[in-house]
Amino acid sequence: MLNKKIMIAGLLSLLSACGGKDSSQQTAAKAMENPWPKLQPALPADPEMEKKIADLLSRMSLEEKVGQMIQAEIKYATPEDVKQYHLGSILNGGGTYPNNDKFATPQDWLDLANAYYEASMDSSHGGVAIPVMWGSDAVHGHNNVIGATLFPHNIGLGATRDPALIQRIGEATAREVAVTGIDWTFAPTVAVVRDDRWGRTFESYSEDPQIVNDYARAMVEGIQGDKTSDEFLDGYHLISATKHFIGDGGTEDGVDRGDARVSEQELAEIHAAGYLSALDAGVQTVMASFNRWNGVPLHGHKHLLTDVLKGRLGFDGFVVGDWNGHRFVPGCTLESCAPAINAGLDMFMVPSDWKALYKNTLAQAKSGEIPTSRIDDAVTRILRVKMRAGLFDRNQPLAGKEGILGSPDHRAIAREAVRKSLVLLKNNGGLLPLDPKRNILVAGNGADDIGKQSGGWTISWQGTGNTDEDFPGATSIYDGIETAVKSAGGEAVLSADGEFSEDTFADGNRPDVAVVVFGEAPYAEWHGDLRSLEYQLGDKSDLELLRKLKAQKIPVVSIFISGRPLWVNKELNASDAFVAAWLPGSEGAGIADVIFTDAEGEVQHGFTGKLSFSWPRLVHQTPLNVGEENYQPLFAYDYGLTYADNVEIADDLPEDGETYAEGKLDDAWLMVWRPRVPWELVILEAGREPLSVTGNLASSADGNITVAAIDMQNQEDALQIDWKGLRRGGLALRAQKPQDMSRYLREKAALTLDIRVNEQPQAEVFAAVDCGDDCRAEIPLREPLSQLKAGEWSQLSIDLQCFAGQGAEFAHIESSFALESEGALSLAVANIKYVPGAADSATVRCDD
């Protein structure tokens, strides 16, 4: 318990410091009674501004006030809507662009921003002119815009231990956002992650509250400017939204939007660390979180939003919701949610259904269900932020300026951040740094993939569907290696699969070393949640590549791309050197800066990165956080080798991983929000090659089958599938290698999925599993589907024994689920799983 006590004692000191200079025993005792420090508003009162706000408020109609409390998405709200409904804000979600054009220019973004602004200030209808705010998730640079500088994601920045660098990144990001006329960025995320299976771990700086505290202040001051200077919100600096209040990093099992089952003391001492410094830095907006705290959704938590944040912590800005997050508050729907406003939410984020929510909120305000005082308080806070940010004066000195978005200066900052974020985990025999005058084989599917190295929230929401052509001015990791090696007189050759011949290198010799770049595919919130920390569970293709090279006596340097620590013992054992590169962003050349010497053999930049997250030794070792009992990681928090270290990591790390056949038997997630490793989603059609589905929209060549991501309960959590009926075909969840799923059969599992039949099937529909050549089982579904109510979501489940009875061999399953139709059909599916013990209650059951 000693480490735990030390951590809590240090955090109590932090809380006391934020509450004032008195650090007496009496103050500490009071902190134990009320874990939240008593803070004053970060900015001094401005009586003249408050007078202007009161005057505006007195002239506003109730309709105008309610409009200010609505934030709609640019895909669903026009400038005319902003004018007519007096909308307080608009946003662009991840993957939404002006004119629905992914390649919209900075001028296109600015033109749309100007159109919204002019509409909001048009008082020809007799209303009050109040500027609209545009919010955007610029979470690692202006990542929605083609050509922007993409900085390493927060998990990499946490390894730099450099708050001054973080501030410079915030400043650069604000400048690039300002070019496009946007005045509000939904950053930084200040979650303190406790379970690395959470799909947003990459958005967190650290498991250590102190790092999060330091970085939150630095990033807010970078984005907004120093609150004590003239640069504060001066148009070169923009409005920050610190998020997500509160406990998003502490949910049970790391489930996104789950339940943080912790005491209020732990909430204050660990999860509030970033808010305390952000508030002190003058952050103007705070975003409410999707998660619950001990069962109560944060969007409706009056104690935390009002009593704590606005009361105890002195926050005088406004609280904005997250994407339709109000719908999960008891008593609420997507279109009606008085409880959230009454709890302290000031602005709804309601992308598409905003008109109905506006109408209902207006009616609730008129009826008194939402008190007038609560409406006035929310609108006062919104107006205060808009005035502080100079929006009434349209202070935008950088709007439309060229030479700022993706500028060399900003890219240099990003490249520096890449260098400082790299953590050297293993360097046996002093393999690194490499001599650039040698023959360098560069392998792995991450070596020349800027989208992969940039991760989620990159042009699109999940970071998928991108190619290197979408990143003008950026460098892949291979680009950097090739430049460094060529300039020194060596030769670098790209071979993703690691194959080479005697003609591969100009001198006819073998590779002197292989640099293998591999890791996680891009993901973002919710879709990135894991059930296991094992890397490539069920599909060890990267491990096979490493072992193949090692077997040929080629020294191997692994560059691991990931948004969290993962269990990679097997990959570590197969590597001579191993670098945690995180998600470096657009400036992949920063990696070559560190792993190679210059032509004279001098180190250019050494390894300085230190783990801000503990690295697991065992596959089930989660949660794993410094200071907790039984803390026995493989690589401890703050670990990171340098070139001066002489540390050998034995190649016999424990390799007992997870399989479907052994260990703890959980639900097998086949497709929950997205296909889960090792399963990949493919379109199958008779007589045609399978087509991989990697983005949120895919179609066969002639449109016979179309697949699109849609919303069931949350953003893109389901698939819409449409068949024209030109030929038989469908979708399948297929693994690269057969999987032993026989244990699920023995444990009486059922295949379960949520399904919505849009139109009754006109021909036979089949559910199938594949188990190799001449091994396939099909179950007809037309009849059970016909019994479902069209247009409504239902759950369908099939006893796995039905497939076994048709000859499926579950010891080597290649496709765990396929859905095929012989005719035209339209339906949607979500949450496809094998669920142990569900066979007896399955919708479709078969005799043994």
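Residues numbered from 1 in each chain as written. Predicted model: local features only at pLDDT ≥ 70, side-chain atom pairs only at ≥ 80, totals over all residues. Heavy atoms only, no water.

Novice: What exactly am I supposed to notice about the overall build of the chain here?
Specialist: The helix and strand inventory of the chain stands at 24 helices and 31 strands. What you see for the chain is a C-alpha radius of gyration of 27 Å, in line with the 29 Å of a compact globule of 848 residues. With respect to the three principal axes, the spread of C-alpha positions in the chain is 75 × 75 × 55 Å. For the chain, the residues scored as buried account for 62% of the 848 residues in total. Pairs at least 24 residues apart make up 78% of the contacts formed inside the chain by residues separated by at least 6 positions. Computing the positive centroid from 76 side-chain charges and the negative centroid from 123, the chain places the two 4 Å apart. (Helix = DSSP H or I, 4+ residues; strand = E, 2+ residues; numbered from the N terminus. Rg over C-alpha atoms; globule rule 2.2 N^0.38 Å. Buried < 20%, exposed > 50% of the residue type's maximum accessible area, 1.4 Å probe, protein only. Contact = heavy atoms within 4.5 Å. Lys, Arg positive; Asp, Glu negative; His and termini not counted. Charge placed at Lys NZ, Arg CZ, Asp CG, Glu CD.)

Novice: I keep staring at helix 3 (residues 47–59) and nothing clicks. Help me out?
Specialist: Every α-helix carries 3.6 residues per turn, so stepping three or four residues along brings you back to the same face. Here helix 3 spans 19 Å end to end across 13 residues, near enough to the 18 Å set by a 1.5 Å rise per residue. Residues of helix 3 that are buried include every one of Met49, Ile53, Leu56 and Leu57, and no others. Within helix 3, the buried residues cover an arc of 100 degrees as seen down the axis, which keeps them to one side. Structural note: helix 3 exposes Pro47, Lys51 and Ser58 on the side pointing more than 90 degrees away from its buried face. Looking at the buried side of helix 3, the elements it contacts are helix 4 (62–68) and helix 15 (372–388). (Expected span 1.5 Å × (residues − 1). Arc of directions from axis to C-beta.)

Novice: What is the right way to look at the confidence of the model for the chain in this model?
Specialist: Confidence in the prediction for the chain averages 94 pLDDT; 95% of positions are at 70 or higher. Across residues 1–31, confidence stays below pLDDT 50; counting only partners more than four residues off in sequence or on other chains, it has 24 contacts. (pLDDT = per-residue confidence, 0-100.)

Novice: So what exactly am I meant to see when it comes to the pattern of salt bridges here?
Specialist: Two side chains that carry opposite charge are able to pair once their charged atoms sit near each other. In this structure the tally under the stated criterion is 50 salt bridges. Note that Glu628 is salt-bridged to Arg194, the shortest N-O span being 3.6 Å. Taken together, the positions of Glu628 in the loop between helix 21 (589–595) and strand 18 (668–672) and Arg194 in the loop between strand 4 (184–185) and helix 9 (209–224) put the pair 434 residues apart, joining distant regions of the chain. Residue class for Glu628 comes out partly exposed when judged on its relative accessible area of 26%. Overall, Arg194 belongs to the buried group, its relative accessible area being 9%. For Lys789, the salt bridge identified is with Glu792, shortest N-O distance 3.5 Å. Classification of Lys789 as exposed rests on a relative accessible area of 57%. Of the residues examined, Glu792 reaches a relative accessible area of 40% and is grouped as partly exposed. Salt bridges sharing partners connect three or more residues here, namely Arg728, Asp770, Arg776, Glu778, Glu820 and Glu822. (Salt bridge = Lys/Arg side-chain N within 4 Å of Asp/Glu carboxyl O.)

Novice: Would you mind showing me how to read the state of the cysteines here?
Specialist: Working definition: the covalent bond between the sulfur atoms of two cysteines is a disulfide. Here the structure, examined in full by the defined rule, presents three disulfides. Covalently, Cys771 is tied to Cys775 through a disulfide, its sulfur atoms 1.7 Å apart. Because the torsion about its S-S bond is -85 degrees, the bridge between Cys771 and Cys775 counts as left-handed. Disulfide partner of Cys802: Cys846, at an S-S distance of 2.1 Å. Between Cys802 and Cys846 the sulfur-sulfur dihedral comes to about 105 degrees; the bridge is accordingly right-handed. Residue Cys802 is found in helix 24 (residues 800–805), and its partner Cys846 is found in the segment after strand 31 (825–835); the two are separated by 44 residues along the sequence. Look at Cys802 and you get buried, because its relative accessible area is 2%. Accessibility expressed as a relative area gives 29% for Cys846, which makes it partly exposed. (Disulfide = S-S within 2.5 Å.)

Novice: Help me understand the packing of helix 9 against helix 11 (residues 273–280) in this model?
Specialist: Axis angle and axis distance: for two packed helices, these are the angle between their axes and the distance between the axes, and together they describe the pair. Two numbers describe how helix 9 lies on helix 11: the axes approach to 7 Å, and their chain directions differ by 30 degrees. Taken together, the axes of helix 9 and helix 11 are roughly parallel relative to one another. The two elements helix 9 and helix 11 meet at a crossing, and its hand is right-handed. On helix 11, the residues that touch Pro209, Val212, Asn213, Ala216, Arg217 and Val220 of helix 9 are Ala273, Gly274, Leu276, Ser277, Ala278 and Asp280. (Axes fitted to C-alpha atoms, helices over the stretch in contact; angles between N-to-C directions. Parallel < 35°, antiparallel > 145°, perpendicular 65-115°, else oblique. Left-handed = near helix turned anticlockwise from the far one by under 90°.)

Novice: Looking at this structure, I do not really get the packing of helix 8 (residues 163–179) against helix 16 (residues 408–421). What am I missing?
Specialist: At a minimum axis separation of 10 Å, helix 8 and helix 16 run at an interaxial angle of 145 degrees. Judged by the sense of rotation from one axis to the other, the crossing of helix 8 with helix 16 is left-handed. Within the contact between the two elements, helix 8 uses Leu165, Arg168, Ile169, Ala172, Arg175 and Glu176 and helix 16 uses His410, Ile413, Glu416, Ala417 and Lys420. Classifying every residue of the contact of helix 8 with helix 16 gives five nonpolar, one polar and five charged. (Nonpolar A, V, L, I, M, F, W, Y, C, P; charged D, E, K, R; others polar.)

Novice: Could you clarify how one ought to interpret unusual backbone geometry in this entry?
Specialist: Negative phi is the rule for most residues except glycine; trans is the rule for most peptide bonds. Here Thr622 and Pro623 are connected by a cis peptide whose omega angle stands at 0 degrees. Its location among the elements puts Pro623 in the loop between helix 21 and strand 18. A cis amide bond, omega 15 degrees, links Val677 with the succeeding residue Pro678. With respect to the secondary-structure elements, Pro678 resides in the loop between strand 19 (674–675) and strand 20 (679–685). With phi around 60 degrees, Asn99 is a residue other than glycine that occupies positive phi space.

Novice: How should the sheet that holds strand 17 (residues 577–582) be read in this particular structure?
Specialist: In a beta sheet, neighbouring strands are held together by backbone hydrogen bonds and run either parallel or antiparallel to one another. On the basis of which strands lie adjacent, the open sheet formed by six strands has the order 12-17-16-15-13-14 and mixed pairing. Taken across any chain shown, the strands that pair with only one partner, and hence form the sheet edges, are strand 12 (423–427) and strand 14 (491–494). For this sheet, the mean angle separating the axes of adjacent strands, direction not counted, is 20 degrees. As defined by bridge partners, strand 13 (residues 439–443) adjoins strand 15 (residues 513–519) across four bridges and the pair is classed as parallel. Among the inter-strand pairings, Ala443 is bridged to a residue of strand 15, identified as Val516. Strands strand 13, strand 14, strand 15 and strand 16 (556–561) of the sheet are contacted by helix 18 (residues 477–488), whose axis makes an angle of about 155 degrees with strand 14. (Pairing = 2+ DSSP bridges.)

Novice: Hey, could you run me through the packing of aromatic side chains in this one?
Specialist: Aromatic ring pairs are reported here in terms of the distance separating the ring centres and the angle at which the planes meet. All chains considered together, the criterion is met by 23 aromatic pairs. Pairing Tyr85 with Tyr358 gives two aromatic rings, centres 5.3 Å apart and planes at 85 degrees, and the pair type is edge-to-face. Pair noted here: Tyr85 is in helix 5 (residues 79–85) and Tyr358 is in helix 14 (residues 354–367), with a separation of 273 residues, a long-range link. With respect to burial, Tyr85 and Tyr358 carry one shared label: buried. With a centroid separation of 5.4 Å and an interplanar angle of 80 degrees, the aromatic rings of Phe607 and Tyr643 are classed as edge-to-face. (Phe/Tyr/Trp six-rings, centres within 6.5 Å; stacked < 30°, edge-to-face > 60°.)

Novice: Please clarify how helix 19 (residues 541–551) should be interpreted in this entry.
Specialist: Considered for burial, the residues of helix 19 that qualify are Asp542, Leu543, Leu545, Leu546 and Leu549. Summarising the axial view, the buried residues of helix 19 lie within an arc of 160 degrees, below the 170-degree limit, and thus occupy one face. Of the surrounding elements, those touching the buried residues of helix 19 are strand 13, strand 15, strand 16 and helix 20 (569–573).

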